[in-house]
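Reading the structure
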Amino acid sequence: MILRFRSPDGAYRVDIQQTDDTSLLISKLRENLPKDVDPHTIIVSDRPANGRARVLNEISGMKISDLGLSHGDMLFLLYKKLNEPQAPNGAATSPGEPSSIRLNGQPIRPSESASNLYTTTTSGSVIPDKVSNPWETVVQDPVDEELDKKDGKIPRGRDHKMCRHGPKGMCDYCMPMEPYDPGYLAENKIKHLSYHSYLRKINTSTNKPELKSSYMPPLSEPYFRLRKNCPSGHQPWPAGLCSKCQPSAITLQPQEFRMVDHVEFSDPALINTFIDFWRQTGNQRIGYLYGRLAPYPEVPLGIKAIVEAIYEPPQNGESDGVTLQLPWTGEKDVAEVASLCGLRKIGVIFSDLLDDGTGQGTVVCKRHIDSYYLSSLEIVFAARLQAEHPHPSKWSETGQFGSSFVTCVVSGNEDNGIDVAAYQVSNTAVEMVRADIIEPSADPSVMMVHEEDGKTRYVPEVFFRHINEYGLNVKENAKPSFPVEYLLVTLTHGFPNDTKPIFTAPLGKFPIGNREIMGISQDHRAVAKQLGITSQSANRPTDGIDVVSDFHLLTFIKGWGVLDKNEEELLAKVAVGHDVNDGYKLLQTPGWQTLMTILRESGENAPLKRAFVEHSPPPPQIPLPFVNARGAGVGGSGSSNGGAARRGGRGDNATSSNNYGPLAKRFRGFSLREE
């Protein structure tokens, strides 16, 4: 019998018998295929797409009759060729060919491209796999499971003017409204639909139970990359391209929904402690938000992100930005501590503050309607983080949809006060960053669209709609740039009326990590001071169990490695649960007793310092070269009380009445015995 095969390089016919072995079929196929085909990658399928496919070598040793093939059957082949490099979007390219030119005329290699280094978040152009029955296999966030069970309808009272029925009746004027009702959203000034309201709206139009049709997941994420292994059988791009593997044109428009509606900081001291770094150094700061998601009743089926802690990774702060190395050191340990406390990484926060020079504590308003709210570089950074933290959803065909990761900015408002603004970027922005379509611009208010070079990067058509000077809604080509507002989603933020943070230790008493530039550091003395441990103390904290309820203390103890897994879990339980019985259990564990022994042996200097200060003469005056006109140390900017630790009222041992240790840290090379 004759079997027909179709491959990207042509069609072939093979004469074979039902009783022959498949190894004979494989050898005849290799004679017809090009010589540079990798034999281990040959895949045979009964359909061009979505068919039953198997690797050709896996069927070796079987009879042709066992395969269920008959005379004249058409089979389809897919394979890779030897030494065929792949570009990030699936295009073949030569590894040494430049993709762009520098301003000085020197070529930029693809490996040196800034867009490839900082914006590409996925390897290659892997198409997200569709999950079989995601409503059964995907594990959602607990808040999603809770909101899925709610009706979501907005109740309305009886309209005395329009309702003509009795008190137990119902009509169109008093029946409950859907959570996505546009009139209700406009009346309450809700700019975006909540995620679950949008889900109800999409699911209503996608699945209609009255038609008794099969269920289809209503959500799907955008995909703007070239699709590999096109079923049409042509060569990969740039040698071949068709409508099946080519992404559609992109029309930018504001996203109508948001994955998170509100950002709530459990304690105002979180923001105050965060911006203390800028107050004392003048440099900007970035930190990651750790918390949880919870229902937000102010918005129909809304979700809020509750921030319980801010962790500042190792970074180099400057007056106009920060330098952050990713991935940062200790990220895994911090994530484990957060998980033990029932938290996870839910966002990022950074400062952009500039003192206005009036001396009244006011700052310059840099972000407003006439400039920008998030710069193009910050949008790309936020998109990358959202791509790394997808939101699991059983309503999506891929098992995930969007991201609940938020981005907060501490900057000046229109009243020249310090304020927080919360944002997300749209799903379209995340996919455009994945596909390497956009890149940041020197102008923070516009985003650049990459140029297609025809070899390493494919860029589809990008359009956006806007109101022109004649008041008409027109569609315009987004190349070479477009406003960043099309990629932004704004959130609300605030603080609870009744603050109930899970970490109740005084924030700032234990030093914040990675702030050595301020002259403070986390060490065993800081732990001993936080717990009130001296050489004569017992194995229990002197101020109760709440002193261990500090996220930064937990992460520092985790890095020591003194406690085992069970003891770390018990310590986290005591820190967030505040149960005295759990505290007594912790005191009896071997790891805690070992920790107390270490602190007692290494913390004997604390009482000696206090005794020395009581019987010693006043400390010598600091020489003038180390003091500015306001009496603060070099690099300080605060009250006239002296060093940074005393100005802030927080920090490590610098808050003690003994100033010798902090002065030796801040003013190196200055002898305390100098007269």
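Structure report, in brief. (Residues numbered from 1 in each chain as written. Predicted model: local features only at pLDDT ≥ 70, side-chain atom pairs only at ≥ 80, totals over all residues. Heavy atoms only, no water.)

1. Quick look at the side chain of Asp 144
- Take Asp 144: it is sitting in helix H4 (residues 142–148).
- Arg 344 provides the closest opposite charge to the buried, unpaired Asp 144, separated from it by 7.1 Å.
- Separated by 2.9 Å, the side chains of Asp 144 and His 196 make a polar contact.
- A polar contact of 2.6 Å, which involves the side chain of Asp 144, links it to the side chain of His 391.
- In this view, Asp 144 contacts Tyr 195, His 196, Ile 303, His 391 and Pro 392; residues no more than four positions away in its chain are not counted. (Helix = DSSP H or I, 4+ residues; strand = E, 2+ residues; numbered from the N terminus. Buried < 20%, exposed > 50% of the residue type's maximum accessible area, 1.4 Å probe, protein only. Lys, Arg positive; Asp, Glu negative; His and termini not counted. Salt bridge = Lys/Arg side-chain N within 4 Å of Asp/Glu carboxyl O. Polar contact = N/O pair within 3.5 Å; in protein donor to acceptor, adjacent residues only side chain to side chain. Contact = heavy atoms within 4.5 Å.)

2. As for the sheet that holds strand E18 (residues 418–425)
- Here 7 strands make up a closed barrel; going around it, the order is E11-E13-E12-E16-E17-E18-E24 and the pairing mixed. Put simply, the sheet's adjacent strands are angled 35 degrees from each other on average, direction ignored.
- Of the strand pairs in this sheet, strand E12 (residues 286–296) and strand E16 (residues 344–352) are connected by 6 bridges, and their pairing is antiparallel. When the sheet's bridge partners are listed, Tyr 290 is paired in E16 with Lys 345.
- The sheet strands contacting helix H12 (residues 551–560) are E12 and strand E13 (302–311), and the helix crosses E13 at an angle near 60 degrees. (Pairing = 2+ DSSP bridges. Axes fitted to C-alpha atoms, helices over the stretch in contact; angles between N-to-C directions.)

3. A short note on unusual backbone geometry
- Between Leu 326 and Pro 327 the backbone carries a cis peptide bond, its omega angle lying at -10 degrees.
- Even without glycine at this site, Leu 301 takes up a positive phi of about 55 degrees.
- By the element assignment, Leu 301 lies in the loop between E12 and E13.
- The phi dihedral of His 578 is positive, around 60 degrees, even though this residue is not glycine.
- Within the fold, His 578 resides in the loop between helix H13 (565–577) and helix H14 (580–587).

4. Considering the packing of aromatic side chains
- In this structure the tally under the stated criterion is 12 aromatic pairs.
- Their ring planes at 25 degrees and their centres at 5.7 Å tell us that Phe 257 and Phe 401 sit as a pair that is stacked. With a gap of 144 residues between them, Phe 257 in strand E10 (residues 257–258) and Phe 401 in the loop between helix H9 (376–388) and strand E17 (406–412) connect regions that are remote in the sequence.
- Taken together, a centroid distance of 6.0 Å and an interplanar angle of 50 degrees make the contact between Phe 510 and Phe 556 tilted. Remark: Phe 556 occurs in helix H12 and Phe 510 occurs in the loop between strand E24 (488–494) and helix H11 (524–531); sequence separation between them is 46 residues.
- On the basis of relative accessibility, which here comes to 1%, the residue Phe 510 falls in the buried class. (Phe/Tyr/Trp six-rings, centres within 6.5 Å; stacked < 30°, edge-to-face > 60°.)

5. Considering the state of the cysteines
- In total, this model carries 0 disulfides according to the counting rule given.
- Looking at Cys 174, it has no disulfide partner, and the nearest cysteine sulfur is the one in Cys 163, 3.9 Å off.
- In this structure Cys 245 is not part of a disulfide, and its nearest cysteine sulfur, from Cys 242, lies 3.8 Å away.
- Classification of Cys 245 as buried rests on a relative accessible area of 5%. (Disulfide = S-S within 2.5 Å.)

These results come straight from atomic positions and should not be treated as a statement about function.
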